[in-house]
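An overview of the molecular structure
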Amino acid sequence: MTDESTQTGDAPSGGRAGGTEDREHQTDGQGSDEHTAPARRADGGATETADYATEGVSKTPLERVGDGLTDVKIEPLDVLVYGLYGLAMVFFAFPVLWVVSASVRPEGELLSFPFRLLPSEVSLTAYERVFREGMLTWLFNSTVVTVVGVGSIVVVSVPAAYAFSRFEFRGRRGLLGLVLLFQMISSVVIIVPLYSVMTSLGLIDTRAGLILLYVGIQTPFSIWLLKGYFDTIPKELDYAARIDGCNRLQTLRHVLLRPIAPGIAVVAIFNTVLTWSEFVLAYTVLGSTKELWTISIGVYEFQSQFGNDWRAIAAASVVGMIPLVVTFVALQRYFVKGLVEGSLKGE
């Protein structure tokens, strides 16, 4: 009886031990399956992270870039738009390249056939003639007229645009219409009365007379352009400056000049290009005095009734373009800087 009970008592314990070992074995089996089986998403699908990681490691950077390019869908409209951009660039760049090429061509090769954009050899004789005829004097006169003229236009236009934008007074709308009317009148139409007035005032053959004409003719457009910039600035800035004790002039100088810096840059670029390249008024006022000629009059010097020296005209044009390009690049950087600072200040 004792042996049987002993055997009977040992059987359950052995069963429990065996059951524990079986459960541990099953648990180990499940753990190994978890390592080998792919992870499951909430919706029951398997993730492929490991496959993507392995695939990404096996591919070179160049192959991955190629795969990205093949995924880009090219629309026909995009092709048309970029094609038009390319044609516009060629349309505007070709005359400049031709002028540069013509300025360094040897004599007799300008109109050679077939046409070649690059000359067979470089010749600087056209530049030598241009500087011998007085190019440095023309550049100096053009610089004086442009700097003083554009500066005067900005000095007159900024306060006028500020007044039209911020002040409410009787006749304001009529004055704005009158300013716009002056802008619509071409200077060529009124060149004869302008010449008579300039002669009676003793301003013919003077830089001051030409500068006054430029200021009077180009200021209306500048006022309208700057007024639009002033209108975009909240009037709360003016009120805050007045609370701090600033008068109208101090408000304009210390508070509003920075936000309208992009507008001032645009006005300066526009008037610089127009003043530097203007010919009709410059020739009317300064044409009889060679020492006062600007660059536009100097280029005209190489045209005559017996023939035109196209190589010299091209060389003078290239020299005249350099200051404009430098000015545009400088003011463009200032324009972007003023635009960014204005947006940050507005925040």
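Just so we're clear, the structure is a prediction, and the values are computed from it rather than from any experiment.

The next subject is the pattern of salt bridges. One pass over the full model with this rule turns up four salt bridges. The salt bridge involving Asp 309 is made with Arg 129; its shortest N-O contact spans 2.2 Å. Residue Asp 309 is located in the loop between strand S2 (307-308) and helix H15 (310-346), and its partner Arg 129 is located in helix H5 (residues 125-133); the two are separated by 180 residues in the primary sequence. Its relative accessible area of 21% is what places Asp 309 among the partly exposed residues. What makes Arg 129 partly exposed here is its relative accessible area of 27%. Measuring nitrogen to oxygen at the nearest pair gives 3.1 Å for the salt bridge that ties Asp 238 to Arg 166. With a gap of 72 residues between them, Asp 238 in helix H10 (residues 236-243) and Arg 166 in helix H6 (residues 135-166) connect regions that are remote in the sequence.

Within the element layout of this structure, Ser 101 appears in helix H4 (residues 76-103). When near neighbours in sequence (up to four residues on either side) are disregarded, Ser 101 contacts Leu 117, Leu 118 and Pro 119.

Looking at the element boundaries, Thr 137 is found in helix H6. Look at Thr 137 and you get partly exposed, because its relative accessible area is 38%. Taking C-alpha positions, Thr 137 is 7.8 Å from Leu 292, a pair spaced 155 residues apart along the chain. Excluding its chain neighbours within four sequence positions, the residues that come into contact with Thr 137 are Glu 291 and Trp 293.

Calculation criteria
Residue positions are given per chain, counting from 1 as you read along its sequence in written order. Thresholds applied to this predicted model are a pLDDT of at least 70 for local features of residues and 80 or more for the giving and counting of side-chain atom pairs; totals over whole chains, interfaces and linings are not thresholded and use all residues. The basis for the side-chain values is all heavy atoms of the structure; hydrogens and waters are excluded. One speaks of a salt bridge when a side-chain nitrogen belonging to Lys or Arg is within 4 Å of a carboxyl oxygen belonging to Asp or Glu. By definition, any uninterrupted DSSP run of H or I lasting at least four residues is a helix, any uninterrupted run of E lasting at least two residues is a strand, and each is numbered from the N terminus. Here's how the labels work: a residue is buried when its accessible area is under 20% of the maximum for its type, exposed when over 50%, partly exposed in between, all with a 1.4 Å probe on protein chains only. Contact between two residues is taken to exist if any of their heavy atoms lie within 4.5 Å; hydrogens are not considered.

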